[in-house]
Amino acid sequence: MPIKRNGQFITIQQHIVEAQRKYRPGSSGEFSWLLSAITLATKIIASHVRRAGLVDVWGEQGTTNVQGETVQKLDLLANEALKNALGYRDSVGIIASEEDNEPRVLQEVDEAHGRYIVMFDPLDGSSNIDVNVSVGTIFTVFRNPPEVASTEESVLQPGAEQVAAGYVVYGSSAILVYTTGHGVHMFTLDPDYGAYLLTRENIRMPEHAPHYSCNEAYYHTFPSAYQRYLAWAKSEGEFSSRYIGSLVADFHRILLKGGVFLYPPTEKQPDGKLRLMYEANPIAFIAEQAGGAASDGSRRVLTVEPNTVHDRTPLIIGTQRNVNEVLHFIQKR
Ligand code: AHG
Ligand code: MN
Ligand code: MN
């Protein structure tokens, strides 16, 4: 149920403005205006996802993206929705997307313009669309440093520099989760009001839960430490496994119920499959803010220095105890 204050629902815009008053008094409001572009785009995406099967958004576009993956029609629709909405915000300097080869400069950065960089995975888990399984949108916001030599240099910042991150999971309802470094908050899209209403504030992950989430079909090509962890988890007798194949949906369950998500290096993807900058970093920021942890197997994800905007990383993310259980096997090697 939506949370009420003084008998009123709290919309996401209101929540962001209240947080800004509390943590950054005197701020210009441009940041909340920027985030409203993202929420608008996700409402458009949510409505397309809801109508999948009724309008022509199912299936493949017939092209591949920079990562060599098949592009679905809804990937492009979602990408356009985000780019259009962000294009109308003066504060957005650079955008980078999973579906675009290069980051794009929208505004040169100065005192009044272009002060933020926004990166996104417009549609996460897009191979799940045609079978009516949850998909998501992931986004992250960085400051756009002035007086930097190149766009690349501006964009390639470690996750610890994120000023905001979030995702929307288009599931049985559309749920938005975000953090600006002051806790993790959850909103549910009320389709009648067309507004995201606050449904959970200051989410904390459980201490531990006997769940792991991993594509075990690749088990034989995982490094042996991951194999030993999985063998141990099975021998414990308590663990259950859940794997949706949409990172957002798999992570959202772990945020609320606990457990660990693993995408180890594999023979096919020796650096892991997930993208550091617009998949791993945003959810790592959220996990840490909710009391959890995220590792690439040897480092805290948020400290990893990216080499390119489309870098991949192995990912172990969940409650601190669950993540430590996996790291125990890796460190013991
Ligand atoms: P995307 O649809 O944005 O390319 O992301 C798909 C990702 C992620 O959502 C999921 O966790 C993972 O791919 C699943 O990969 P496998 O099919 O190899 O398990
Ligand atoms: Mn993705
Ligand atoms: Mn995607």
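The rules behind each value
Residues numbered from 1 in each chain as written. Chains lettered and ligands numbered in written order. Predicted model: local features only at pLDDT ≥ 70, side-chain atom pairs only at ≥ 80, totals over all residues. Heavy atoms only, no water. Donors = N, O, S within 2.8 Å, 3.2 Å for Na, K, Ca; no water. Buried < 20%, exposed > 50% of the residue type's maximum accessible area, 1.4 Å probe, protein only. Helix = DSSP H or I, 4+ residues; strand = E, 2+ residues; numbered from the N terminus. Pairing = 2+ DSSP bridges. Contact = heavy atoms within 4.5 Å. Axes fitted to C-alpha atoms, helices over the stretch in contact; angles between N-to-C directions. Core = buried A, V, L, I, M, F, W, Y, C linked by side-chain atoms within 4.5 Å. Domains from an automatic or database assignment. Salt bridge = Lys/Arg side-chain N within 4 Å of Asp/Glu carboxyl O. Parallel < 35°, antiparallel > 145°, perpendicular 65-115°, else oblique. Nonpolar A, V, L, I, M, F, W, Y, C, P; charged D, E, K, R; others polar.

Visitor: Would you mind going over the coordination of the manganese ion (ligand 3) with me for this structure?
Guide: Octahedral six-donor coordination of a metal ideally yields angles of 90 or 180 degrees, compared with 109.5 degrees for tetrahedral four-donor coordination. For the manganese ion (ligand 3), the protein coordination sphere consists of E98 (OE), D121 (OD) and L123 (O), at 2.0 to 2.2 Å. Counting the intervening residues between successive donors of the manganese ion (ligand 3) yields the motif E-x22-D-x1-L. Separating the manganese ion (ligand 3) and the manganese ion (ligand 2) is a distance of 3.7 Å, and D121 donates to both of them. L123 shares its class with D121; the two are buried.

Visitor: Before we go on, may I ask you to explain the pairing of strand β10 (residues 174–179) in this structure?
Guide: The side chains of a regular strand alternate between the sheet's two faces. Counted residue by residue, β10 has six buried out of six residues, so it is predominantly covered. Where burial is concerned, the two faces of β10 agree: the one with A174, L176 and Y178 and the one with I175, V177 and T179 are both buried. Where strand β9 (residues 164–170) hands over to β10, the hairpin turn is made up of three residues, counted between the paired strands. Taking the residues between adjacent antiparallel strands as the criterion, β10 and strand β11 (residues 184–190) are bridged by four residues, where G181 takes a positive phi near 95°.

Visitor: Whenever I open this one, the coordination of the manganese ion (ligand 2) confuses me. Can you help?
Guide: Taken together, D121 (OD), D124 (OD) and E279 (OE) make up the full set of protein donors to the manganese ion (ligand 2), lying 1.8 to 2.1 Å away. Coordination of the manganese ion (ligand 2) draws on donor residues from a single chain, spaced D-x2-D-x154-E in sequence.

Visitor: Looking at this structure, how should I read the sheet that holds strand β6 (residues 104–105)?
Guide: Hydrogen bonding along the main chain pairs the strands of a sheet, whether they run parallel or antiparallel. Spatially, the eight strands line up as an open sheet ordered β6-β5-β7-β8-β9-β10-β11-β12, and their pairing is mixed. A strand with exactly one partner marks an edge of an open sheet, and here the two such strands are β6 and β12 (195–200). By the bridge criterion, five bridges tie strand β5 (residues 92–97) to strand β7 (residues 116–124) in an arrangement that is parallel. Along β7, the bridge assignment pairs V92 with Y116. On top of the sheet, helix α1 (residues 12–23) reaches β10, β11 and β12; it is set at about 10° to β10, its chief contact.

Visitor: Just checking my understanding: could you explain the nonpolar core for this structure?
Guide: The nonpolar side chains of a soluble globular protein tend to be buried with one another. The biggest cluster of nonpolar side chains holds 43 residues, and the ones touching the most others in it are M119, Y167, F251, L255, L315 and I317. Here the element with the most residues in this core is helix α7 (residues 276–289); it accounts for nine residues. No fewer than three residues from each of domain 1 (4–200) and domain 2 (211–332) sit in this core. For Y167, the contacting residues outside a window of four places in its chain are T137, I138, F139, I175, L176, V177, V248, F251, H252, L255, I283 and I286. One finds L74, L86, F139 and Y170 within the second-largest nonpolar core, a separate group that totals 40 residues.

Visitor: I tried to follow the pattern of salt bridges on my own but got confused; where do I start?
Guide: Oppositely charged side chains may form a pair once their charged atoms are brought near each other. Here the structure, examined in full by the defined rule, presents 11 salt bridges. In this structure, E30 engages R115 in a salt bridge whose closest nitrogen and oxygen atoms are separated by 2.4 Å. Of this pair, E30 sits in helix α2 (residues 30–50) while R115 sits in the loop between β6 and β7; the two residues are 85 residues apart in sequence, bridging distant segments of the chain. When the shortest N-O distance is used, the salt bridge between R300 and E288 registers 2.8 Å. Here E288 lies in helix α7 and R300 lies in the loop between β17 (292–295) and β18 (312–313), a separation of 12 residues in the sequence. Under the relative-accessibility criterion, E288 is labelled partly exposed at 25%. Salt bridges linked by common partners bring R5, E18 and E201 together as one network.

Visitor: What is the right way to look at the packing of helix α6 (residues 247–257) against α7 in this model?
Guide: The relative placement of two packed helices is expressed as an angle between their axes plus a distance between the axes. Relative orientation of the contacting elements α6 and α7 amounts to 10°, with a least axis distance of 12 Å. When the axis of α6 is compared with that of α7, the two are roughly parallel. Residues L247, F251 and L255 of α6 touch α7, and the partners they reach there are E279, I283, I286 and A287. Classifying every residue of the contact of α6 with α7 gives six nonpolar, no polar and one charged.

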